[in-house]
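# What the coordinates show
Here is what each chain is made of, one letter per residue.
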Amino acid sequence: VQLQASGGGLVQAGGSLRLSCAASGETFSTYVFSWFRQAPGKERDFVAGISRYGGASTRYTDSVKGRFTISRDNLKNTVYLQMNSLTPDDTAVYYCAAGRPVLSGYDQTGLYYYWGQGTQVTVSS
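To start, this report covers the structure provided alongside it.

## Structural notes on the pattern of salt bridges
By the definition in use, this model includes four salt bridges. For the salt bridge of Asp62 with Lys65, the shortest nitrogen-to-oxygen distance reads 3.0 Å. You can call Asp62 exposed: its relative accessible area is 61%.

As structure tokens, then:
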């Protein structure tokens, strides 16, 4: 599986962006997909994850709850991260990842098999 993240950019505080993660392969629906982010000098942190198949289960880190929404389109082999009410603290490189962790393990980078190349999100104050 190859992942291609896109949609990052420069936005003012309070603005919105939608990230996309396009995946190759015929087994797209069988993977959990998550978004992580990494700010300069910091570790890669979990942002949001969505369960396999229909994506009935999602999980978010506390700091983005109510602002970010993760979704998936299995027909397009694409996962999205809608980000609203952005703040400068959201500035980071955002990575999508695919794996098969259980819900409680969505935040563990070691449980993902595939990673995209990252897309830069910069929020100005």
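## Structural notes on the environment of Ser34
Topologically, Ser34 is positioned in strand E4 (residues 32-38). A relative accessible area of 1% places Ser34 in the buried class. Remark: the alpha-carbon pair of Ser34 and Arg59, spanning 25 residues in sequence, is separated by 9.0 Å. Not counting the four nearest positions on each side in its chain, Ser34 is found in contact with Phe46, Ala48, Gly49, Ile70, Tyr95, Cys96, Ala97, Tyr106 and Tyr112. Separated by 2.6 Å, the side chains of Ser34 and Tyr112 make a polar contact.

## Remarks on the side chain of Arg72
Relative to the helices and strands, Arg72 is located in strand E7 (residues 68-73). Asp73 provides the closest opposite charge to the buried, unpaired Arg72, separated from it by 8.4 Å. Polar contacts involving the side chain of Arg72 include one to the main-chain carbonyl oxygen of Phe28, which spans 3.0 Å. A distance of 2.8 Å separates the side chain of Arg72 from the backbone oxygen of Tyr31, its partner in a polar contact. When sequence neighbours within four positions are dropped, the list of residues in contact with Arg72 reads Phe28, Ser29, Tyr31, Val32, Phe33, Ile50, Ser51, Arg52, Tyr53, Gly55, Thr78 and Val79.

Conventions used here
Residues numbered from 1 in each chain as written. Predicted model: local features only at pLDDT ≥ 70, side-chain atom pairs only at ≥ 80, totals over all residues. Heavy atoms only, no water. Salt bridge = Lys/Arg side-chain N within 4 Å of Asp/Glu carboxyl O. Buried < 20%, exposed > 50% of the residue type's maximum accessible area, 1.4 Å probe, protein only. Helix = DSSP H or I, 4+ residues; strand = E, 2+ residues; numbered from the N terminus. Contact = heavy atoms within 4.5 Å. Polar contact = N/O pair within 3.5 Å; in protein donor to acceptor, adjacent residues only side chain to side chain. Lys, Arg positive; Asp, Glu negative; His and termini not counted.

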